[in-house]
Amino acid sequence: MRRTAKSTGAARAGSDKRESRSGNPSRRAVASKPERSAAGLQPLGALPQAELAPGLYLVATPIGNLADITLRALAVLQGADRIFCEDTRVTGRLLARYGISTPLDTYHDHNSEQVRPTVLAALRRCERVALVSDAGTPLVSDPGYKLVRAALGEDLPVTAVPGPSAAVAGLILSGLSPDAFLFAGFLPPRQAARRRALGRWVEVQATLVFYETAPRLAESLGDMADVLGNRPAAVARELTKLYEEVRRGPLADLAARYRLLGPPRGEAVVVVGRPARTEPDEAEIDERLRTALIEVGVREAAARLAAETGLPRGKLYRRALAMRAGTG
Ligand code: SAM
């Protein structure tokens, strides 16, 4: 659905075809577009403006707080000939906030097969096309992968304009090691399939990151505890929003909490610590104690880790005490 009128950039961009196919298309600086401003926000005309080269731009947008958008994302959204989005009302609000009037069309799970040829035709005509999702980074549990694959298959230019993603925000707030992590996206809604899917990740020596809907949160946490073991975990909700909340603890405790309280409001990321080895090394013990000490006292942290690893509670208690006293 087209929302606003704006002249097509096909003719303007027509002579750039060859040049655009090598290198990063957004680097060429030519002329700037007219200034537009939004109340209380930096006028876009004050940003470094470079006319965009033709191509497909994958633009990350906020996951809640509308201020979480990069200067380059705004410049690309303003400079594009059109923007494909999941829901024109959602993206329309973002554009209105920044005074951007680029035409909007939809590209979502239910029309992508029909719309993809239209997008590819626009790219062949050397238009500048932006793809956004409702929130966060397009393609990450959102539409766009098949479009990117088709564009690359025709040697059409594709550029990422990176920014927010709930997976990374949840990971870095979890208190769990980000050294190696596996993004597993959404688990299947049905329990049997969900448990099978979880079974694939049991042996992975990495922090696991899942997306989950509020109504399924308690059930999923329970299945994770059963299939993955009672690992340390975090539920990060409403990230970047007014009621942002991160709950940390063993999977079984988190499952019990949300079973008791019912589905929480909003959206959530579940982050799960990597499996305990039979004999965890000292660095891992320290890391897990440090994570536990964010939530609970020394005694409880030692008890938890003793239960999870089978290591002597007294030894873990002394180690946790030293860490808390800053001598460990
Ligand atoms: N492409 C998006 C990204 O890069 O984060 C993810 C889209 S996916 C359809 C939506 C899921 O992302 C939600 O169900 C939730 O798991 C997670 N999510 C999105 N925004 C969130 C937020 N503000 N706080 C916590 N989780 C969020």
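Thresholds applied
- Residues numbered from 1 in each chain as written.
- Predicted model: local features only at pLDDT ≥ 70, side-chain atom pairs only at ≥ 80, totals over all residues.
- Near = placed C-beta within 6 Å.
- Helix = DSSP H or I, 4+ residues; strand = E, 2+ residues; numbered from the N terminus.
- Nonpolar A, V, L, I, M, F, W, Y, C, P; charged D, E, K, R; others polar.
- Domains from an automatic or database assignment.
- Pairing = 2+ DSSP bridges.
- Axes fitted to C-alpha atoms, helices over the stretch in contact; angles between N-to-C directions.
- pLDDT = per-residue confidence, 0-100.
- Contact = placed C-beta atoms within 7 Å.
- Buried ≥ 20, exposed ≤ 12 C-beta atoms within 10 Å, placed from the backbone.
- Core = buried A, V, L, I, M, F, W, Y, C linked by C-beta atoms within 7 Å.
- Expected span 1.5 Å × (residues − 1).
- Arc of directions from axis to C-beta.

A. Quick look at the site of the ligand. Among the 24 residues in the neighbourhood of the ligand, the closest are listed as Gly 136, Ser 165, Ala 166, Tyr 211 and Leu 239. Among the secondary structure elements, those contributing two or more residues to the shell around the ligand are helix H7 (166-173), strand E7 (207-212), strand E8 (232-237) and strand E10 (268-272). A breakdown of the residues in the shell around the ligand according to their chemical character gives 10 nonpolar, eight polar and six charged. Summarising the domain contributions, the shell around the ligand has at least three residues from each of domain 1 (10-161) and domain 2 (166-272).

B. Focus on the sheet that holds E7. Read across the open sheet, the five strands follow the order E6-E7-E10-E8-E9; overall the sheet is mixed. The open sheet terminates on both sides in strands that have one partner only, identified here as strand E6 (181-186) and strand E9 (245-250). Strand-to-strand twist of the sheet, defined as the mean angle between neighbouring strand axes without regard to direction, takes the value 15°. Pairing of E6 with E7, which is carried by five bridges, proceeds in the parallel orientation. If you follow Gly 185 over to E7, its bridge partner there is Phe 210.

C. Examining the confidence of the model for the protein more closely. Summing up the model confidence of the protein, the mean pLDDT is 86 and the portion of residues at 70 or higher is 83%. Low pLDDT (under 50) marks residues 1-40, which in the prediction has 75 contacts with non-local residues, meaning those over four places away or in another chain.

D. Summary view of the sheet that holds strand E5 (residues 158-161). Across the sheet, five strands lie side by side as E3-E2-E4-E1-E5; this open sheet has parallel pairing. On the outer flanks of this sheet lie strand E3 (104-106) and E5, each paired with one strand and no other. The mean inter-strand angle of the sheet, taken between neighbouring strand axes irrespective of direction, is 25°. Two elements, strand E2 (residues 82-85) and E3, share three bridges in a ladder whose sense is parallel. Each residue of the ladder has a partner; that of Ile 83, found in E3, is Leu 104. With respect to the sheet, helix H3 (residues 71-79) is in contact with strand E1 (55-59), E2, strand E4 (128-131) and E5, its orientation differing from that of E1 by roughly 135°. On top of the sheet, helix H4 (residues 88-97) reaches E2 and E3; it is set at about 155° to E3, its chief contact.

E. Spatial organisation of the environment of Glu 295. By the element assignment, Glu 295 lies in helix H11 (residues 282-295). By C-beta crowding, Glu 295 is classed as partly exposed, having 17 other C-beta atoms within 10 Å. On a C-alpha basis, the gap between Glu 295 and Arg 248 in space is 6.7 Å, while along the polypeptide they are 47 residues apart. Setting aside anything within four residues of it in sequence, one finds Glu 295 in contact with Arg 248 and Gly 249.

F. Region of interest: the nonpolar core. If you look at the biggest cluster of nonpolar residues, it comprises 34 residues, and the most contacted ones within it are Val 209, Leu 221, Leu 251, Val 269, Val 270, Val 271 and Val 272. Ranked by residue count, the leading element in this core is helix H9 (residues 217-228), at six residues.

G. Up close: helix H5 (residues 112-124). Taking 1.5 Å as the rise per residue, H5 with 13 residues should run 18 Å; its terminal C-alpha atoms sit 18 Å apart, in good agreement. Burial in H5 covers these residues: Val 119, Ala 122 and Leu 123. Along the long axis of H5, the arc covered by the buried residues comes to 95°, so they all point the same way. Every exposed residue of H5 that faces more than 90 degrees away from the buried side is listed here: Glu 113, Gln 114, Pro 117 and Ala 121. Against the buried residues of H5 lie E1, E2, E4 and helix H6 (145-153).

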